[in-house]
Amino acid sequence: QVQLAESGGGLVQAGDPLRLSCAASGRTFSNYAMAWFRQAPGKEREFVVAISRSGGSTDASDSVKGRFTISRDNAKNTVYLQMNSLKPEDTAVYYCAASSYGYTARRVLQYEYWGQGTQVTVSS
């Protein structure tokens, strides 16, 4: 089992930055690719960004590419999401997730472990 706990969400204005953190415990953190997903009200959960086990490779959805950056610190069992130039359409609950499939996994079902989520609200 891997337990994941997100933090850092909040209310910001359009154009502001925000950094989310996800602390992991349980099984060896570095065995898993990590990702951030988000879910807006009335919409399906969608892939945002992912990072490989070592942190050397990343993948990002087109909607956030160039604005959001994922990173990880395996010594601290933590993954981060740096969000810049936030837009109102980025408003959602953000979830971190762990996958044994690898960082190219973009489907919800490819991620075995999930956090509880943290709310990000971007006002215009």
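As a reminder, the structure under discussion sits directly above these lines.
Residues numbered from 1 in each chain as written. Predicted model: local features only at pLDDT ≥ 70, side-chain atom pairs only at ≥ 80, totals over all residues. Heavy atoms only, no water.

Visitor: Can you walk me through the overall build of the protein chain in this structure?
Guide: The helix and strand inventory of the protein chain stands at zero helices and 11 strands. When the elements of the protein chain are put in sequence order from the N terminus, they spell out β-β-β-β-β-β-β-β-β-β-β. At 13 Å, the protein chain has a C-alpha radius of gyration in line with the 14 Å of a compact globule built from 124 residues. Along the first, second and third principal axes, the C-alpha atoms of the protein chain reach 40 × 25 × 25 Å. Within the protein chain, buried positions represent 44% of all 124 residues. (Helix = DSSP H or I, 4+ residues; strand = E, 2+ residues; numbered from the N terminus. Rg over C-alpha atoms; globule rule 2.2 N^0.38 Å. Buried < 20%, exposed > 50% of the residue type's maximum accessible area, 1.4 Å probe, protein only.)

Visitor: Mind showing me how you'd approach the side chain of Arg 67 here?
Guide: When you line up the elements, Arg 67 lands in the loop between strand 6 (58-60) and strand 7 (68-73). At 3.0 Å, the side chain of Arg 67 forms a polar contact with the backbone oxygen of Ser 85. Of the polar contacts made by the side chain of Arg 67, one reaches the side chain of Asp 90; its length is 2.8 Å. In this structure Arg 67 touches Gln 82, Met 83, Asn 84, Ser 85, Leu 86, Lys 87 and Asp 90, once residues within four positions along its chain are discounted. (Polar contact = N/O pair within 3.5 Å; in protein donor to acceptor, adjacent residues only side chain to side chain. Contact = heavy atoms within 4.5 Å.)

Visitor: Can you walk me through the environment of Asn 31 in this structure?
Guide: Inspection of the secondary structure puts Asn 31 in the loop between strand 3 (18-26) and strand 4 (33-39). Along the backbone, Asn 31 and Ser 100 are 69 residues apart, and their C-alpha atoms lie at a distance of 7.1 Å.

Visitor: For this particular structure, what's the right way to read the state of the cysteines?
Guide: Any covalent bond linking the sulfur atoms of two cysteines counts as a disulfide. Under the defined criterion, the tally for this structure stands at one disulfide. Note that Cys 22 is cross-linked by a disulfide to Cys 96, the S-S spacing being 1.9 Å. Here the disulfide of Cys 22 and Cys 96 is right-handed, its torsion about the S-S bond being about 45 degrees. Highlighted residues: Cys 22 in strand 3 and Cys 96 in strand 9 (residues 92-99), separated in sequence by 74 residues. Cys 96 shares its class with Cys 22; the two are buried. (Disulfide = S-S within 2.5 Å.)

Visitor: What am I meant to see in the packing of aromatic side chains here?
Guide: Each aromatic ring pair is summarised here by two numbers: the centre-to-centre distance and the angle between the ring planes. Scanning the model with the defined rule gives six aromatic pairs in all. For the pair Phe 37 and Tyr 111, a centre-to-centre distance of 5.1 Å together with 75 degrees between the ring planes defines the contact as edge-to-face. Of the two residues, Phe 37 is situated in strand 4 and Tyr 111 in the loop between strand 9 and strand 10 (113-114); the sequence distance between them amounts to 74 residues. Members of the aromatic cluster, connected to one another through ring pairs, are Phe 37, Phe 47, Tyr 95, Tyr 111 and Trp 114. One cation-aromatic arrangement involves Arg 45 over Tyr 95; the distance from NZ or CZ to the ring centre is 3.7 Å. Its end group placed over the ring of Trp 114, Arg 45 keeps NZ or CZ at 4.9 Å from the ring centre. (Phe/Tyr/Trp six-rings, centres within 6.5 Å; stacked < 30°, edge-to-face > 60°. Lys NZ or Arg CZ within 6 Å of the ring centre and 35° of its normal.)

Visitor: Looking at this model, I keep getting lost on the sheet that holds strand 1 (residues 2-7). Mind explaining?
Guide: By definition, the strands of a sheet pair up through backbone hydrogen bonds, in either a parallel or an antiparallel sense. What the four strands build is an open sheet, ordered 1-3-8-7; its pairing is antiparallel. In this open sheet, the two edge strands, each paired with only one partner strand, are strand 1 and strand 7. On average, adjacent strands in this sheet sit at an angle of 20 degrees to one another, irrespective of strand direction. Direction of pairing for strand 3 relative to strand 8 (residues 78-83): antiparallel, over a ladder of six bridges. Looking at strand 8, one finds that Cys 22 is bridged to Val 79. (Pairing = 2+ DSSP bridges. Axes fitted to C-alpha atoms, helices over the stretch in contact; angles between N-to-C directions.)

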